[in-house]
Amino acid sequence: MAEYFGAAVADIFNTMERRFIPEGTKGVDTVIGYNVSGEGGGYWRVTIKDGTIKVEKLDAAPTGCTVVLNAKAETFVGVTLGKMDAGEALSSGNLKVDGDITVLITVLPKAFNKFTPIVKARTIVESMKERFRLDKAEGVTMKLGYDLAGEGGGKWTIAVKDKTCTLKEGLDSDCSVVLKMTAQTFVDLNTGKLDGATAFTSGQVKIDGDIGAAGNSAKLFAKFDTGEEKAKGEELISLKCLPTINQRYATGPVMGKWFAGLKEKKFYATRCPSCGRVQTPPREICADCRVRSEEFVEVGPNATVTIVDLVYYASPDPLTGKIRETPYAAVFMVMDGAGKDQSVSHFLNPKDFSRIKPGLKVRPVWAKERTGNYEDLLCFEIDD
Amino acid sequence: MKRVAICAVAQHKCESNIWYKRFQAMLLDVLEDIQAQTGMTFDEDTGVHTIVSNSDDVFDARTISDNGMTDVLGAHYREEEKAAQDGLNALGYAMSIILSGHADAVYVAGHSKESQSESRNMCTNLAYDPFYGRPMGLDYLNVAALQARAYAEKSKLTREQLAKVVVRARQWAARNPYANATAPVELGEVMYSPVLCDPIRTLHAYPVSDGAVGFLLASEERAKEFTDTPVWMTGFGNCMDSYFLGDRDPVSNFALKKAAERAYKMAGIKNIKKSANLVEVMDCYAYQQPMWLEGLGFCSDGKGGKFIDDHGPAQYNVNLSGGMLAGNPLIVGGLYRAAEIVLQLKGSAGEHQASDVTCGVAQSTTGGAGQFHTVAVFEA
Amino acid sequence: MSTHKKNRHVGIVGIGQTEYSSHKEHQNQAEMVNEAVRNALADAKITLDDIDCVVHGNMELFEMVHQPDMWHSLGSGAHGKDQFRITTGGTTGSSLVCTADSLVASGMYDVVMAIGLEKLQEGHTTGGITNMADPLWFRHLQTGALTATTATLMIEEFGEERAKKAAMKYRILMDKHACLNPRAHRRFGLEYDQMDDLMNTSPRLVGELRLIHMCSQSDGACAVIFASEEKAKKLCKNPVWVRDHITVHREETFNNFGIERPETTHHYAARKLFERNGIKNPVEYFDVFEMYDPSAWWGLDWLRDFLLLKNDEHLKMLERGDFDLDGKIPINPSGGVIASNPIGATALLRPAEAALQIRGDAGPQQIKKEVRHALASGFGGTLWTVLIMLEKYLDW
């Protein structure tokens, strides 16, 4: 099966139920589809519902999903293992997401323990040549056979002679000793999950031939490196903290007038004594003329739309630290009676997302309780 | 060499809680003051085109804090750069702009509102690295306390001498219309005021303050247009000490001595005690007044305590503004120091005007326990 | 009034960069600064002893460090030296150039090192930028630097098909340049035949501003060493000269989207700078332009302003290949901001990369023909701009 970064796509799905964290998904109800293209790819559907998981391999593209991930097999494995950056895969188009992208950010990190590539018997056997210790091989001649049963198993012969080590598939008939076990036992032995004495006495390993040679063979090879030690050595600590310093912002008499006006459902702007520019929100000074603006005039409440931003990217509101709900729309508009260059902006009523366009008239939607702040205005909406 | 003139200075009165004004409005007052004094405009052809602002993103709780100021700096469609250390460095930068020939007039304005944050110590705690200094709780106050103890030891500073510094600061502050803490205090009151951060007591520390300051700098040729009484900025230098407290000698004044040396050299001053007759130091805490005076060379090394008893501060006209102890905010502390020097040298310091002053030194510090120092020299 | 005649000339004598990436767990901030500083010193073949003054720049609220130059002095080499900290948002890096230029030209310092940096991974970039808005009004709504307003206006002006294609062509061109630059953060290997696919399938951030259009969030630092003419000629066989620079800011509010739209700061800056330097035709004059292009839409749109072009001239130039590496005026051979964006360093990288082009040391992204005149820009604030002119010879 095709592998990328030492793992196959199917490994990731096959281990999902084992890696699942039920406590992390309380109250979650979502269906994630996977469309992994290329060698080793396929279709999967993962249903996560209130602490339970169901993983299905499908024959056709998944349907009925909250979100579908589309990626090449290499990208999918790379991102899963953290070998490739998810953000960059998304940016470059190598990873495409249809549907609610926030599921990937909010649900997945809490739902699974990290996937690590499964060590295969073949990998361990094939690494023996590299692990061969010349300093222990002086005068040693032997043939070591492995007969590994079950998934991922196979038969290999390792010949040691004249300080060289050769590996071939299949069992030679003249092996000094043949070790028989399941592939899983072999992997466990080599990755330190099972010790040799236990495996032998419990009968999980059968030795056919020269027992002495079997014992000697162990020291001919350096320990198999699972990569875990290396990963531990490279572990770099990041400290997480959320520095918070409470602030008390002054409004002063000018912004104060604006906020006081909102309480009364009114908009007060300043008029520049020099150029006549009517500024919204009001300003202490006209930046153009560098003169103090002290005259207040009432503008609005309706406004003309100039441009609209429909925001899909979920970012934090720095005033609260909470991630904003998307999509939301920022409508830029010129209030009736304000300067033609004055664009104020506020949220647009979601019901108008599809109809909004420059030139339309909008009106404010007021909060029931108004205390003199930004939230006194819920949003603006098309003035039909 | 070209000369740089300070044509005008404007100060906002410092208060502990200017809750009724946005800092924009504070800066607008300063701008209008400067314009009234000098007729400065930002006219596309004939006005000021270059502005150096001074503020801090953490204290303003605002990314690009100068963005909130553009309008009141006159910087709409003009050049503006923000110096984010103590503001005396903004003056140094403005000086270089004029000497470089890039512009012949520069408006400098800074503000700081310590009252906006829940705690200024929480702000300065963020100056420490997040791994070690921050969780340990370091901030500019408790780091100063460590230095205060070491310095008192070194320079034989008694609590009576420390109290004298504060009493004198308040006496001068009472005559300075821009000072914050102006109520007179007695020696005993200072000595037995509540402990803030041992050995620093409440009255040893500068009060929480809000303020704003503006300057108009110009080349010698251009200065005539704005004032008949220019003050010349003739020397500038600053210097960085080690970050980790354990890497420095906390009482060596390493950075301050170097900064002073450079500023004096630029001003052509060989013996500062003979040349200068006016000094403003950034004494956020009482012990810093004699300590910085040692670093500046007005007082011999290790003799700060005796210097106070010998009326050294009066001899050199030290902190006639009342100093930081009378309440200026961090960030613009150095601008308030320079502002006082300029007013004195112009002869417009009013009730606290000193006689026959010709050359003044302004000093400021950024970072914990004087990690970074700035020194500027002004002459009438 | 303003003279803009320098007291003395200032040359760039050393440039150091880190690689740019989204993760730098192996370095803390001071260590990252140090890497750029060492590289700059090595490039200039000098030691810290030769540096008189350091100018530091980044944004406090991205990493939430107050007066970060204090901590970063562990790596910046500022210990015992004069130091300034200048920060103006996105324009910080170019402000550092303006400051270093003034400090050296003034005669106050002979050799000044400017250091720009950001470790965006240590904070939230968009949240950090949103913090620029007034806390009482608009911080509730601003979404960092993400906006589709330019996309909307370009679509309105040039039609959906042409505008979207042009923005994507610009994006792919930048990626092609980035792929040549070994230091660039994002190098995707995009091909022009992916245009239609990317235009329609890249995730939307805001309206027609899609993920593929937007700049990266990078960790990295850049250090540039400036010296007086006398020193520069001693230290370096090919210093790059800082000819002039202009900074143009706008008022606090985003009054850029009204019924009447003001002259952009980009256009204003270019107009003023070229006028006072006697440059009639910037497209003819400049051999390279390193532009602060936070998104493909902005980059393409701003070329019209910066190069004083009219109507759809910028689209035609792009369509003709004039902005390619071997084109009439190559844009961002480095890959630009879309490829690498450590914000406090970003606007310093522009003149740094332009200077490398003039020196002929840009590496795989070196423009083949001689580069004598370079333009670099910075961007930030409420659509602020900085323009910097660099020259190969002292012959203006």
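Above this text you will find the structure in question.
Please read all numbers here as calculations on a predicted model, not as lab measurements. (Residues numbered from 1 in each chain as written. Chains lettered and ligands numbered in written order. Predicted model: local features only at pLDDT ≥ 70, side-chain atom pairs only at ≥ 80, totals over all residues. Heavy atoms only, no water.)

Quick word on the interface of chain A and chain C
In this complex, chain A contributes 51 residues to the contact, which on the side of chain C involves 51 residues. Overall, the association of chain A and chain C removes approximately 4500 Å² of surface from exposure, summing both partners, and the carbon and sulfur fraction of that is 64%. In this structure, the salt-bridge partner of C:Asp197 is A:Lys96, at a minimum N-O distance of 2.9 Å. Where chain A packs against chain C, one counts 23 residue pairs in polar contact (both at pLDDT 80 or more). Elements with a minimum of two residues in the side of chain A that touches chain C: α4 (86–92), α13 (252–263), β16 (303–311), β17 (328–335) and β18 (344–347) of chain A. It is β16(A) that provides the largest number of residues to the side of chain A that touches chain C, a total of six residues. Of the residues assigned to the side of chain A that touches chain C, the class counts are 27 nonpolar, 13 polar and eleven charged. (Contact = heavy atoms within 4.5 Å. Buried area = accessible area lost by both parts, 1.4 Å probe. Salt bridge = Lys/Arg side-chain N within 4 Å of Asp/Glu carboxyl O. Polar contact = N/O pair within 3.5 Å; in protein donor to acceptor, adjacent residues only side chain to side chain. Helix = DSSP H or I, 4+ residues; strand = E, 2+ residues; numbered from the N terminus. Nonpolar A, V, L, I, M, F, W, Y, C, P; charged D, E, K, R; others polar.)

Thoughts on the sheet that holds strand β5 (residues 95–99) of chain A
Residue and element names in this part refer to chain A. Judged by pairing direction, the sheet is mixed, and its five strands sit side by side in the order β3-β2-β1-β4-β5 without closing on themselves. The sheet is open, and its two borders are formed by β3 (52–58) and β5, each paired with just one other strand. For this sheet, the mean angle separating the axes of adjacent strands, direction not counted, is 15°. (Pairing = 2+ DSSP bridges. Axes fitted to C-alpha atoms, helices over the stretch in contact; angles between N-to-C directions.)

Overview of the interface of chain B and chain C
Every contact between the two is made by 71 residues of chain B and, on the other side, 66 residues of chain C. For the chain B and chain C pair, buried surface summed over both sides reaches about 5700 Å², with 54% attributable to carbon and sulfur atoms. For the pair chain B and chain C, the interface holds six salt bridges. A salt bridge links B:Arg262 to C:Asp82; the nearest nitrogen and oxygen atoms lie 2.4 Å apart. Looking at the side of chain B that touches chain C, the elements with two or more residues in it are α2 (57–60), β3 (79–83), α3 (88–100), α4 (120–125), β8 (231–240) and α10 (254–267) of chain B. Among the residues making up the side of chain B that touches chain C, the classes are represented as 28 nonpolar, 23 polar and 20 charged.

Description of the environment of B:Leu325
Residues and elements named next belong to chain B. Looking at where Leu325 falls in the secondary structure, it is placed in the loop between α14 (312–315) and α15 (333–346). Owing to a relative accessible area of 4%, Leu325 belongs among the buried residues under this scheme. For the pair Leu325 and Leu28, spaced 297 residues apart in sequence, the C-alpha to C-alpha distance is 26 Å. (Buried < 20%, exposed > 50% of the residue type's maximum accessible area, 1.4 Å probe, protein only.)

Thoughts on the side chain of C:Thr346
You can see C:Thr346 is positioned in helix α15 (residues 343–359). Beyond its immediate sequence surroundings of up to four residues, C:Thr346 is in contact with C:Tyr292, C:Val337, C:Ser340 and C:Asn341.

A word on the nonpolar core
B:Phe215, B:Phe298 and B:Phe378 are the most contacted members of the largest nonpolar core, which has 183 residues in total. The dominant element in this core, judged by the number of residues it contributes, is α3(B), at nine residues. Not counting residues within four places of it along the chain, the set of residues in contact with B:Phe298 comprises B:Tyr264, B:Ile272, B:Lys273, B:Ala276, B:Val279, B:Leu293, B:Phe307, B:Tyr316 and B:Val361. By size, the runner-up hydrophobic cluster in this structure holds 138 residues, among which are C:Met174, C:Ile246, C:Tyr292 and C:Leu309. (Core = buried A, V, L, I, M, F, W, Y, C linked by side-chain atoms within 4.5 Å.)

Quick look at the pairing of β3(A)
All names here are of chain A. When strand β2 (residues 42–49) meets β3, the two strands line up antiparallel, connected through seven bridges. In the sheet register, Ile48 faces β3, and the bridge partner there is Ile53. Taking the residues that link successive antiparallel strands as the turn, the β2-β3 hairpin has two residues, and the phi of Asp50 there is positive, at about 45°.

Regarding the environment of B:Ala127
When you line up the elements, B:Ala127 lands in the loop between α4 and α5 (133–136). Sequence separation of B:Ala127 and B:Cys239 is 112 residues, and the distance between their C-alpha atoms is 18 Å. Filtering out sequence-adjacent residues up to four positions away, B:Ala127 remains in contact with B:Tyr140, B:Tyr243 and C:His66.

Some remarks on the sheet that holds strand β7 (residues 210–219) of chain B
Residues and elements named next belong to chain B. Spatially, nine strands are ordered β3-β2-β4-β7-β1-β8-β11-β10-β9 in an open sheet, and the strand pairing comes out mixed. The sheet is open, and its two edges are formed by β3 and β9 (278–280), each paired on a single side. The sheet shows a mean angle of 25° between the axes of neighbouring strands, direction not considered. Bridging between β8 and strand β11 (residues 372–379) involves eight bridges; their strand directions are antiparallel. Each bridged residue has a counterpart across the sheet, and for Cys239 the counterpart in β11 is His373.

Digging into the packing of helix α7 (residues 160–180) of chain C against helix α13 (residues 313–320) of chain C
Residues and elements named next belong to chain C. Contact geometry for α7 and α13: axes closest at 10 Å, N-to-C directions at 50°. It follows that α7 is oblique to α13 by the angle criterion. Handedness of the crossing formed by α7 with α13: left-handed. Residues Arg162, Ala166, Lys169, Tyr170 and Leu173 of α7 pack against Leu315, Lys316, Leu318 and Glu319 of α13. Residues belonging to the contact of α7 with α13 are distributed by class as follows: five nonpolar, no polar and four charged. (Parallel < 35°, antiparallel > 145°, perpendicular 65-115°, else oblique. Left-handed = near helix turned anticlockwise from the far one by under 90°.)

A few points about a nonpolar patch on the surface
A grouping of A:Ile237, A:Leu239, B:Phe131, B:Tyr132, B:Met136, B:Phe244 and C:Leu74 is seen on the molecular surface, where their side chains present a nonpolar patch of about 750 Å² in accessible area. In this structure, A:Leu239 sits in the loop between α12 (228–233) and α13. (Patch = residues over 30% accessible without salt bridge, like charges linked within 9 Å, V, L, I, M, F, W, Y side chains within 5 Å. Areas by Shrake-Rupley, 256 points an atom, 1.4 Å probe, with all protein chains shown as cover.)

What about helix α6 (residues 140–154) of chain B?
When the terminal C-alpha atoms of α6(B) are compared, their 21 Å separation across 15 residues agrees well with the 21 Å that a helix rising 1.5 Å per residue should span. Next to the buried residues of α6(B) lie α4, β5 (195–197), β6 (200–201), α12 (288–296) and α13 (304–309) of chain B together with α3 (68–76) of chain C. For α6(B), the side-chain oxygen to backbone nitrogen distance between the N-cap and B:Leu141 is 2.9 Å, and the N-cap itself is B:Asp139. Phi for B:Lys156, located one or two positions after α6(B), is positive at around 55°. (Expected span 1.5 Å × (residues − 1).)

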